[in-house]
Amino acid sequence: PIYETPTGWKYFGSLMDAGMIVLCGEESFGTGSCHIREKDGIWAALAWLSIIAFKQQTVEAIVTAHWEEFGRHYYSRHDYEGLTAEQGARVMQQVNSYTSRPSPDMGLTKVASCVNFSYTDPVTEDTTSNQGVVFTSTTGSRVIFRLSGTGSSGATIRVYLERYTKTDLNKDVQKILEPLVVFAGEVGDILGITGRDTPTVIT
């Protein structure tokens, strides 16, 4: 099975301790496994070395072949750092309102759902609520808003952008995600609330 958890390695640890998963990964590209409990690159480097040794190909060739067979997920995270607590709360209140009213289109596709993500740990049965507002389109693209208090100063709004395609495999990431960026700015009223027309950090 696949488990979608909130941000935080404690959620992975709970599942690993119970023998329910062997691989884990997070949106900031940290990956790990039950036999090497770390997230800063050791397991990822060993995993890639194993794949390269088995395939006898370059990383580029392996990734390209994977995209051609399974399609590609384009992903980026836009962070708006140094916001006031009020600004952060207002953006989240704005996007959360779409859980009970229709959303505008996400580019050329309709929004299939908008939910405020909550998670119940299958091991401890503890529930964690308000873990982000998730917009999902009819084609599977996703825009997620999450309020974080771990930025360099003040509140941080993190906007996660993801689009899946089986055809446009070698496009510029920010260019192909542009319709999602426009959608995020609209539903979050980011410019109106924060005065920011660009994110502080793009990952």
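You'll find the structure just up there.
Conventions we followed
- Per chain, residues are indexed from 1 in the order of the written sequence.
- Where local features are concerned, this predicted model is filtered to residues with pLDDT of at least 70; where side-chain atom pairs are given and counted, the filter is 80 or more; whole-chain, interface and lining totals use all residues.
- Hydrogens and water are ignored here; the side-chain numbers use all heavy atoms of the structure.
- Among the buried residues, those of types Ala, Val, Leu, Ile, Met, Phe, Trp, Tyr and Cys that are joined through side-chain atoms within 4.5 Å form a nonpolar core.
- Remark: exposure states derive from per-residue accessible area (1.4 Å probe, protein chains only) relative to the maximum for the residue type, with buried under 20%, exposed over 50%, and partly exposed in between.
- Secondary structure is summarised from DSSP: a helix means a run of H or I of at least four residues, a strand means a run of E of at least two, and numbering begins at the N terminus for each.
- Working rule for helices: expected span equals 1.5 Å times residues minus one.
- Think of a 1 Å grid over the protein atoms and nothing else: a 1.4 Å probe that fits but is trapped marks a cavity, an open set flanked by protein within 12 Å on at least five of seven lines marks a pocket, and residues with an atom within 4 Å of a point count as lining.
- Grid points are joined across faces, edges and corners, and a volume is the space filled by probe spheres set on the points.
- Only Asp, Glu, Lys and Arg are considered charged in this grouping, and only Ala, Val, Leu, Ile, Met, Phe, Trp, Tyr, Cys and Pro are considered nonpolar; every other residue, Gly among them, is considered polar.
- Exposure above 30% relative accessible area and the absence of a salt bridge qualify a residue for a patch, where like charges join within 9 Å and nonpolar side chains (Val, Leu, Ile, Met, Phe, Trp, Tyr) within 5 Å.
- Surface accessibility in these figures is a Shrake-Rupley result with a 1.4 Å probe; residues are shielded only by whichever protein chains are displayed.
- When a carboxyl oxygen of Asp or Glu lies within 4 Å of a side-chain nitrogen of Lys or Arg, that pair is called a salt bridge.
- Two strands form a pair only when DSSP identifies at least two bridges running between them.
- Two residues form a contact once any of their heavy atoms are found within 4.5 Å.
- Under this definition, polar contacts are N or O atom pairs within 3.5 Å; protein pairs additionally need one hydrogen-donor-capable and one acceptor-capable atom, and for neighbouring residues in sequence, both atoms have to be side-chain atoms.

K.L.:
Got a minute to help me understand the nonpolar core in this structure?
P.N.:
Of all hydrophobic cores here, the largest spans 26 residues; its most connected members are Phe135, Val143, Phe145, Ile157 and Val159. At the level of elements, strand S3 (72-83), helix H4 (85-96), strand S4 (111-116), strand S7 (133-137), strand S8 (142-148), strand S9 (155-165), helix H6 (178-188) and helix H7 (190-194) are the ones that each hand at least two residues to this core. Counting residues in hydrophobic clusters, the runner-up holds 11 residues, among them Phe12, Met16, Phe117 and Val134.

K.L.:
Teacher, can you tell me more about helix H2 (residues 42-55) here?
P.N.:
Since the α-helix advances by 3.6 residues per turn, residues separated by three or four positions end up pointing in the same direction. Here H2 contains 14 residues, and its C-alpha end-to-end distance of 20 Å stays within 8% of the 20 Å for a straight helix at 1.5 Å per residue. Following H2 by one or two positions, Gln56 has its phi on the positive side, about 60 degrees.

K.L.:
It is not clear to me how the layout of surface pockets should be interpreted in this structure. Could you clarify?
P.N.:
In this approach the atoms are scanned with a rolling probe the size of a water molecule, which exposes any empty space left behind. Of the pockets and cavities examined, the largest pocket occupies roughly 1600 Å³. Listing elements by their share of the lining of the largest pocket, those giving two or more residues are helix H1 (9-17), strand S1 (23-25), H2, helix H3 (59-70), S3, S8 and S9. Looking at the lining of the largest pocket residue by residue, the class counts come to 23 nonpolar, 11 polar and 7 charged. As a volume, the second largest pocket reaches approximately 280 Å³. Considering the residues around the second largest pocket, the lining is formed by 17 residues, among which His78, Tyr80, Val181, Asp197 and Pro199 are closest to the centre.

K.L.:
Can you walk me through a nonpolar patch on the surface in this structure?
P.N.:
A contiguous nonpolar patch, built from Ile42, Leu46 and Leu49 and spanning about 300 Å² of accessible area, is present on the exposed surface. In this structure, Leu49 sits in helix H2. Judged by relative accessible area, which is 54%, Leu49 ranks as exposed.

K.L.:
Would you mind going over the pattern of salt bridges with me for this structure?
P.N.:
Think of it this way: side chains of opposite charge can pair up when their charged atoms draw near. Following the criterion strictly, the structure yields 6 salt bridges and no others. The shortest N-O distance in the salt bridge between Lys110 and Asp105 comes to 3.3 Å. Where Glu178 meets Lys175, a salt bridge forms, and the shortest distance between an N and an O atom there is 3.6 Å. For Glu178, a relative accessible area of 39% gives the class partly exposed. Accessibility expressed as a relative area gives 58% for Lys175, which makes it exposed.

K.L.:
How do you make sense of the pairing of S8 when you look at a structure like this?
P.N.:
One face of the sheet, then the other: side chains in a regular strand alternate in exactly this way. Among the 7 residues of S8, 5 are classified as buried, and the element is accordingly described as predominantly covered. Relative to S8, S7 runs antiparallel, the two sharing 4 bridges. Looking at the pairing, Thr136 lines up with Arg142 of S8. Bridge analysis of S8 against S9 gives 7 bridges, and the strand direction is antiparallel. Counterpart to Leu147 in the pairing with S9 is Ile157.

K.L.:
What am I meant to see in the environment of Tyr164 here?
P.N.:
Mapping Tyr164 onto the fold places it in strand S9. On the accessibility criterion, Tyr164 (31% relative accessible area) is partly exposed. Apart from the residues within four sequence positions on either side, Tyr164 is in contact with Phe70, Gly71, Arg72, His73 and Ser141. Among the polar contacts made by the side chain of Tyr164, one reaches the main-chain carbonyl oxygen of Phe70 at a distance of 2.6 Å.

The values are spatial; any link to function lies outside them.
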